[in-house]
Amino acid sequence: MNLYGYIPESVNEGTGLRAVLFISGCRHACPGCFSPDSWSFRAGEPFTEERQQQILHEVTTHPLLDGVTLCGGDPFFSAAECTSWVQQLRAARPDLTVWAYTGFEYEELITDPARAELARLCDVIIDGRYVEAERDVSLPFRGSRNQRLIDVRATLATRTIVTMQLSML
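Thresholds applied
- Residues numbered from 1 in each chain as written.
- Predicted model: local features only at pLDDT ≥ 70, side-chain atom pairs only at ≥ 80, totals over all residues.
- Heavy atoms only, no water.
- Helix = DSSP H or I, 4+ residues; strand = E, 2+ residues; numbered from the N terminus.
- Rg over C-alpha atoms; globule rule 2.2 N^0.38 Å.
- Buried < 20%, exposed > 50% of the residue type's maximum accessible area, 1.4 Å probe, protein only.
- Contact = heavy atoms within 4.5 Å.
- Pairing = 2+ DSSP bridges.
- Core = buried A, V, L, I, M, F, W, Y, C linked by side-chain atoms within 4.5 Å.
- 1 Å grid on protein atoms, 1.4 Å probe; cavity = no way out; pocket = protein on both sides within 12 Å on 5 of 7 lines; lining within 4 Å.
- Points joined across faces, edges and corners; volume = space filled by probe spheres on them.
- Nonpolar A, V, L, I, M, F, W, Y, C, P; charged D, E, K, R; others polar.
- Expected span 1.5 Å × (residues − 1).
- Salt bridge = Lys/Arg side-chain N within 4 Å of Asp/Glu carboxyl O.

1. Details of the overall build of the protein
Per the secondary structure count, the protein includes five helices and seven strands. Starting at the N terminus and ending at the C terminus, the protein contains elements arranged as β-β-β-α-β-α-β-α-α-β-β-α. Since a compact globule built from 169 residues should have a radius of gyration of about 15 Å, the 15 Å found for the protein is in line with a globular shape. Taking the principal axes of its C-alpha atoms as reference, the protein extends roughly 40 × 35 × 30 Å. Burial analysis of the protein (169 residues in total) assigns 49% to the buried set. A fraction of 62% describes how many contacts in the protein between residues 6 or more apart in sequence connect residues 24 or more apart.

Laid out in structure tokens, this is it:
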């Protein structure tokens, strides 16, 4: 797995102050994607064990972070590798929230065991392909109206899709 980019502090990819990991590789190839260079699974740098531990240390010792966001590419194309890292994060800092962006719909994620495992580790999933005709820059944390902000904990508890409301943000 490759890491396309890493931002130690951001307020754009979820609520609060977040560290953001951009995972290389995406096969959705959404027209109008803001980051087509991240589609290649070879883009960026190898996310070696050493690099993973370095970022994990930075994140877990940062006292002001509210969470971590996985972006891409699409992290769910590298679900098994991301799961391992997120499990370590959860063990070290269970107070941090985990958000993830994906072009898959939640219903697709839960049909694949590896992707479902990563999904269960997330607090919020922004799902759905970017649709240029649905572009809406006024929406918080997403680019097109078809994309949903899924509250994973509530969805798992109720066994029905629960989307976050603006009042929840």
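Further notes follow.
2. With respect to the pairing of strand β1 (residues 2-10)
Strand direction decides the pairing type here: β1 and strand β3 (residues 45-46), joined by two bridges, are antiparallel. Within β3, the residue paired with Leu-3 across the bridge is Glu-45.

3. Observations concerning the nonpolar core
With 34 residues, the main nonpolar core has Leu-21, Ile-55, Val-59, Phe-76, Trp-85, Leu-89 and Ile-125 as its most contacted residues. Of all elements in the fold, only β1, β2 (18-23), α1 (49-60), β4 (67-72), α2 (79-92), β5 (97-101), α3 (106-109) and α4 (113-120) reach the threshold of two or more residues within this core. Broken down by element, the residue count for this core peaks at five residues, all from α2. The residues touching Ile-125, leaving out its near neighbours within four places in the chain, are Phe-76, Ala-100, Thr-102, Tyr-106, Leu-109, Ala-119, Arg-148, Leu-149, Ile-150 and Val-152. Counting 10 residues, the second-largest nonpolar core is a separate cluster that includes Phe-22, Cys-71, Trp-99 and Tyr-101.

4. Some remarks on the layout of surface pockets
Its volume calculated, the largest pocket comes out at about 710 Å³. Classifying every residue of the lining of the largest pocket by side-chain character gives 13 nonpolar, 11 polar and six charged.

5. Brief notes about α2
Given 3.6 residues to a turn, an α-helix orients residues that are three or four positions apart in the same direction. Helix length check: α2, at 14 residues, gives a terminal C-alpha distance of 20 Å against a target of 20 Å (1.5 Å per residue), a fit within 8%. Taken as a whole, α2 has its buried residues at Ala-79, Cys-82, Thr-83, Trp-85, Val-86, Leu-89 and Arg-90. Residues of α2 that are buried sit in contact with β2, α1, β4, β5, α4 and α5 (152-158).

6. Regarding the pattern of salt bridges
Under the counting rule described, the total for this entry stands at eight salt bridges. Among the ionic pairs, Arg-129 bridges to Glu-108, the shortest N-O distance being 3.6 Å. Here Arg-129 is found in the loop between β6 (124-127) and β7 (148-151), whereas its partner Glu-108 is found in helix α3, with 21 residues between them in sequence. Overall, Arg-129 belongs to the partly exposed group, its relative accessible area being 34%. Using a relative accessible area of 32% as the deciding quantity, one classes Glu-108 as partly exposed. Here the residues in one salt-bridge network are Arg-90, Asp-123 and Arg-153, joined through shared partners.

So far we have only geometry, and geometry alone does not tell us how the molecule works.
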